[in-house]
Amino acid sequence: MQDRLGEPVERLIEEFLTDRATRKPSPHTVAAYRRDLRTVASIAADALTPPLPLDVLPLTALHSRTLRSAFAHFAATRSASSVHRAWSTWNSFFVFLVADGVVAGNPMPAVGRPRAPLPRPRPLRGADTPEQLLTAVARVKGRQRDPWPQRDLAVLALALCGGLRMAEMLALRVASLAGRVGERRLDVAGKGGRPRVVPVEPELDQVLADYLDSCRRRFGARSVGPDAPLLLDRRGGPLRRGGLQYLVDSCFRRAGIGDRVPQGARLHALRHTFATRLAEDGASAAEIMRLLGHVSLASSQAYIEVTAGQQRAAVRSNRTHRVLAELLST
């Protein structure tokens, strides 16, 4: 253990990030990890006498007193949520070092942190906004250059009737849609790699079937093979993050509801609308948390267990299915 205590912190940070890569974090998450670790380490290095460059700062310089001072400096100009995120990153970093036998203990419990603020739901504003959005997108307008209403409606329906995150939607494969008719489901790879099952009601199932038929007509049978991406761009390739964001923004514009979308929410506003409507229509907190793929800190990061029947009843209570049924019957 002593042999590695003098290693530069910068090198150990890169080892930590390499270890985290097996969990498949997004590039944005990795960038946030690196930024938080390097920023606090730089503050600690500058406070030494004499100051040290980050690339030679030894791990031995980062004890609880040094870290408390660095975090106090870090917190002075940052929000509570940013400080909490950085604290969590450093805590994970030292947990990694302890597990790897580099240090004997984790000093982070001795470093204060603010309470993590609870995120506020940001659903679409307006009682009938989801219905207005779906209806507008289902219509083909003459000025669209290459209309693909089946794909656009499928994307919105996955968010409004399934509560999927952006990364979860992009990771879906055709085979993710599974189960017998009447018991259809989406097998979703959730945040942190945690799997969950989202019940698919008949209306959403029909929307997805119509979309897959349109893919087959546009790009051939290979585009709907089991291992093919579920969501495609207009060239038949997998839909990417930027393309999905643009698609959702375009749908908002076409429906004329831009003023009802919380700033910065985009696709997440649809996910929050899904959860809000479930709550309004009688679903319990346990059902909503399970369907969204959240973890409960009170039960040691375990999912709140509910039966498949309860989940399906919760999804069935989402009144957005009614507008899908009306669109499919026209």
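Anything mentioned here points back to the structure above.
Here goes a summary of the coordinates provided.

Cut-offs used in this document
Here, residues in each chain are numbered from 1, in the same order as that chain's written sequence. In view of the model being predicted, local features appear only for residues whose pLDDT reaches at least 70, and side-chain atom pairs are presented and counted only at 80 or more, with totals across whole chains, interfaces and linings using the full set of residues. Only heavy atoms go into the side-chain values, all of them from the structure, while hydrogens and water stay out. Put simply, DSSP marks the helices as runs of H or I at least four residues long and the strands as runs of E at least two long, and each gets a number from the N terminus on. Between two residues, a contact is recorded if the distance between any of their heavy atoms is within 4.5 Å. Computed by Shrake-Rupley with a 1.4 Å probe, the accessible areas treat only the displayed protein chains as cover when residues are assessed. Here, strands pair whenever DSSP counts at least two bridges between them. Just to be clear on terms, a salt bridge is a Lys or Arg side-chain nitrogen sitting within 4 Å of an Asp or Glu carboxyl oxygen. Remark: exposure states derive from per-residue accessible area (1.4 Å probe, protein chains only) relative to the maximum for the residue type, with buried under 20%, exposed over 50%, and partly exposed in between. What a helix is expected to span follows from its residue count: subtract one and scale by 1.5 Å. Pairing of aromatic rings covers Phe, Tyr and Trp, the last counted by its six-membered ring, and requires centre-to-centre distances within 6.5 Å; plane angles under 30 degrees mean stacked, over 60 mean edge-to-face, and any other angle means tilted. Charges are assigned to positions over rings by a cutoff of 6 Å between ring centre and Lys NZ or Arg CZ, combined with an angular limit of 35 degrees from the ring normal.

## Overview of the overall build of the protein
Within the protein one finds 14 helices and 3 strands. Dimensions of the protein, computed from C-alpha atoms along their principal axes, come out at roughly 75 × 40 × 40 Å. In the protein, once contacts between residues fewer than 6 apart in sequence are set aside, the share between residues at least 24 apart is 65%. Summing over all exposed atoms, the protein offers an accessible surface of approximately 16900 Å²; the carbon and sulfur share of this is 53%.

## Digging into the pairing of strand 3 (residues 195–199)
Pairing analysis gives 5 bridges linking strand 2 (residues 185–189) to strand 3, with the strands arranged antiparallel. Bridged to leucine 186 within strand 3 is valine 198. Counted between consecutive antiparallel strands, the loop separating strand 2 from strand 3 contains 5 residues, among which glycine 192 sits at a positive phi close to 75°.

## Some details on the pattern of salt bridges
A side chain with one charge can pair with a side chain of the opposite charge if their charged atoms come near. Scanning the entire structure with this criterion turns up 18 salt bridges. A salt bridge links arginine 260 to aspartate 128, with the nearest nitrogen and oxygen atoms 3.8 Å apart. Of this pair, arginine 260 sits in the loop between helix 10 (241–255) and helix 11 (267–280) while aspartate 128 sits in the loop between helix 5 (80–99) and helix 6 (129–138); the two residues are 132 residues apart in sequence, bridging distant segments of the chain. Among the residues examined, aspartate 128 registers a relative accessible area of 46% and is labelled partly exposed. The salt bridge partner of arginine 184 is aspartate 205, with a shortest N-O separation of 3.2 Å. Taken as a pair, arginine 184 in the loop between strand 1 (177–178) and strand 2 and aspartate 205 in helix 9 (residues 202–219) lie far apart in primary sequence, 21 residues in all. The two residues arginine 184 and aspartate 205 agree in class, both being buried. Each of Asp146, Arg218 and Arg234 takes part in one network of salt bridges that share partners.

## Some details on helix 7 (residues 149–162)
For helix 7, spanning 14 residues, the distance from its first C-alpha to its last is 19 Å, which sits close to the expected 20 Å at 1.5 Å a residue. Summarising burial for helix 7: 13 of the 14 residues are buried, a large majority. Directly beyond the C-terminal end of helix 7, a positive phi value near 70° is found at glycine 163.

## Regarding the packing of aromatic side chains
The relative placement of two aromatic rings is captured by the distance of their centres and the angle of their planes. Counting across every chain of the model gives 9 aromatic pairs. Residues phenylalanine 16 and phenylalanine 93 carry aromatic rings whose centres are separated by 5.7 Å and whose planes lie at 75° to one another, so their mutual orientation is edge-to-face. Here phenylalanine 93 lies in helix 5 and phenylalanine 16 lies in helix 2 (residues 9–20), a separation of 77 residues in the sequence. We classify phenylalanine 16 as buried; its relative accessible area is 1%. A relative accessible area of 0% means that phenylalanine 93 is categorised as buried. Between the aromatic rings of tryptophan 90 and phenylalanine 94, the centroid separation amounts to 6.0 Å while the plane-to-plane angle is 35°, which identifies the pairing as tilted. With a gap of 4 residues between them, tryptophan 90 and phenylalanine 94 both fall in helix 5, about one helical turn apart. Take tryptophan 90 and phenylalanine 94: they sit in the same class, and that class is buried. Ring pairs connect the aromatic residues Phe16, Tyr33, Trp90, Phe93, Phe94 and Phe96, which therefore count as one cluster. Across from the ring centre of tryptophan 87, 4.0 Å away, lies the NZ or CZ of arginine 113, which sits over that ring. Taking NZ or CZ as reference, arginine 218 lies 4.2 Å from the ring centre of tryptophan 148, over its face.

It is worth stressing that arrangement in space is one thing and function is another; only the former is reported here.
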